[in-house]
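A closer look at the structure
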Amino acid sequence: MKLALGPALRQVWRVKSPRFLLDNLPFLAAGGLLTFLSSFGQTFFISIFSGEIRSAFGLSHGEWGGIYMIGTGASAVIMVWAGGLTDLFRVRRIGPVVILGLGVACLCMAFNPWAAALPLVILMLRFFGQGMASHLAVVAMTRWFVAARGRALSLAALGFSLGEAVFPILFASLLTTLDWRLLWVAGAVMCLLGAAVLAALLAQERTPQSHAAQDHGLGMGARHWRRAEALRDPLFWLMVPAMLGPGAFATAFFFHQVHLADIKGWSHVELVALFPLFTLATIAAMLVIGWAQDRLGTVRLMPFYQVPILLAFLVFAGAGSLWTMAAGVILLAMTTGANATLPNAFWAEVYGTAHIGSIKAAVAAVMVLGSAIGPGVTGALIDAGLGLERQFVLIAGYFALTTGMITLAAWRAAAGLRG
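A quick note: this is a predicted structure, and the numbers were derived from the prediction, not measured. (Residues numbered from 1 in each chain as written. Predicted model: local features only at pLDDT ≥ 70, side-chain atom pairs only at ≥ 80, totals over all residues. Heavy atoms only, no water.)

**Brief notes about the pattern of salt bridges**
Throughout the structure, instances matching the rule amount to 3 salt bridges. Between Arg223 and Glu229 there is a salt bridge, with the nearest N and O atoms lying 3.2 Å from each other. Classification of Arg223 as partly exposed rests on a relative accessible area of 32%. Between Arg412 and Asp233 there is a salt bridge, with its nearest N and O atoms 3.2 Å apart. Taken as a pair, Arg412 in helix H21 (residues 388-418) and Asp233 in the loop between helix H11 (227-231) and helix H12 (234-255) lie far apart in primary sequence, 179 residues in all. Since its relative accessible area comes to 36%, Arg412 is described here as partly exposed. According to the relative accessible area criterion, Asp233 is buried, its value standing at 4%. (Salt bridge = Lys/Arg side-chain N within 4 Å of Asp/Glu carboxyl O. Buried < 20%, exposed > 50% of the residue type's maximum accessible area, 1.4 Å probe, protein only. Helix = DSSP H or I, 4+ residues; strand = E, 2+ residues; numbered from the N terminus.)

Structure follows, in structure tokens:
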């Protein structure tokens, strides 16, 4: 299997990808720019300034965590409505507005003098960054591309990995010499420039809004589903725990990294040194899965994509060495990379593309909510005496359950698409 897959994969990317990239470069670049700029509203970026924010406003760890949970949770609620705007407005219209909104949020963090206003600032950062910018990129790729949807999603998602690789090191280094508020102003300037570049890339959008209603984008039953119909479909609810899990527990893993290193008997630096493996493995997984789903089909692959994260948390629970932990980090990255492509294409294939913006908005709200509650729940359980390693075993059990539910959902989707 490995001997057959390797040459086949190299052949596909050698023959098809250069032409695919050249023909669609402005649109793929627009998707990558949206995911890259979403970094300013992602946990990995905001957490760089946690110490400075707590010091400036006199907050404890618990108070700062509570503010973050409130702001993130509120952004998830708003996403349910706002995400549907992508069905009404073209990406070239709404995209620059979202990025400018993210820039305003960065300025609010830079100049906000009140602790009481922090939940609103976090709401803005999370809504425009993690929420809408990421959502726009996904909706654009699923709507603009059909036969190459997997590759388009995986290439656009490289912006996430680039942001994770560049921003923590860059801004943590600048933080040693520059005031933290000034760095948020720099983020706002980058958003302003990014909005201008995005507008230029999408001067002419690849697919007109009306094109979303053509036959090639139909879902189950050879029709386009509205969000209200999708929410009444058992398939949607079978998938909800799977959508919540990676955001909740992968975020919790990184959120508690200092505590994890302590209970394992390692230094924090030793554990963090493994994280570049996570970035590289995530990129590899995105590219491989993007190719595989275009070749083998999204529905066929869905039942398998959360198996690696299940194994990852079992490894985390029992890891006694950094080498073992590295294997767990790679397994976690495999599901993280697949999560950037497979589920997003799945919703378009199952429910059609005409109303994919509003349907994906509900899914995005679940994922954002997961990233809000995961660190809080695991932290509360630690305080209650349930150790992190024991929690990891329970989390693995959770993903065993979601894998079974995904399998049922995929079976239902396959039957609906055949009908």
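**Looking at the environment of His256**
Mapped onto the secondary structure, His256 falls in the loop between H12 and helix H13 (257-264). In this structure the C-alpha to C-alpha distance between His256 and Pro168, which are 88 residues apart in sequence, comes to 17 Å.

**Topic: the nonpolar core**
Phe40, Phe49, Met109, Leu125, Met141 and Trp184 are the most contacted members of the largest nonpolar core, which totals 64 residues. No other element matches helix H7 (residues 118-144), which puts 16 residues into this core. Residues Trp266, Ala281, Tyr305 and Ile309 belong to the second largest nonpolar core, which totals 63 residues. (Core = buried A, V, L, I, M, F, W, Y, C linked by side-chain atoms within 4.5 Å.)

**Side note on empty space enclosed by the protein**
Inspection of every chain in the model, using the stated rule, returns 2 cavities of 30 Å³ or more. Roughly 30 Å³ of volume is contained in the second largest cavity. Along its surface, the second largest cavity is lined by Phe236, Met239, Val240, Met243, Trp347, Ala362, Val363 and Val366. Taken together, the elements giving at least two residues each to the lining of the second largest cavity come down to H12 and helix H20 (356-383). Top contributing element to the lining of the second largest cavity by residue count: H12, with 4 residues. (1 Å grid on protein atoms, 1.4 Å probe; cavity = no way out; pocket = protein on both sides within 12 Å on 5 of 7 lines; lining within 4 Å. Points joined across faces, edges and corners; volume = space filled by probe spheres on them.)

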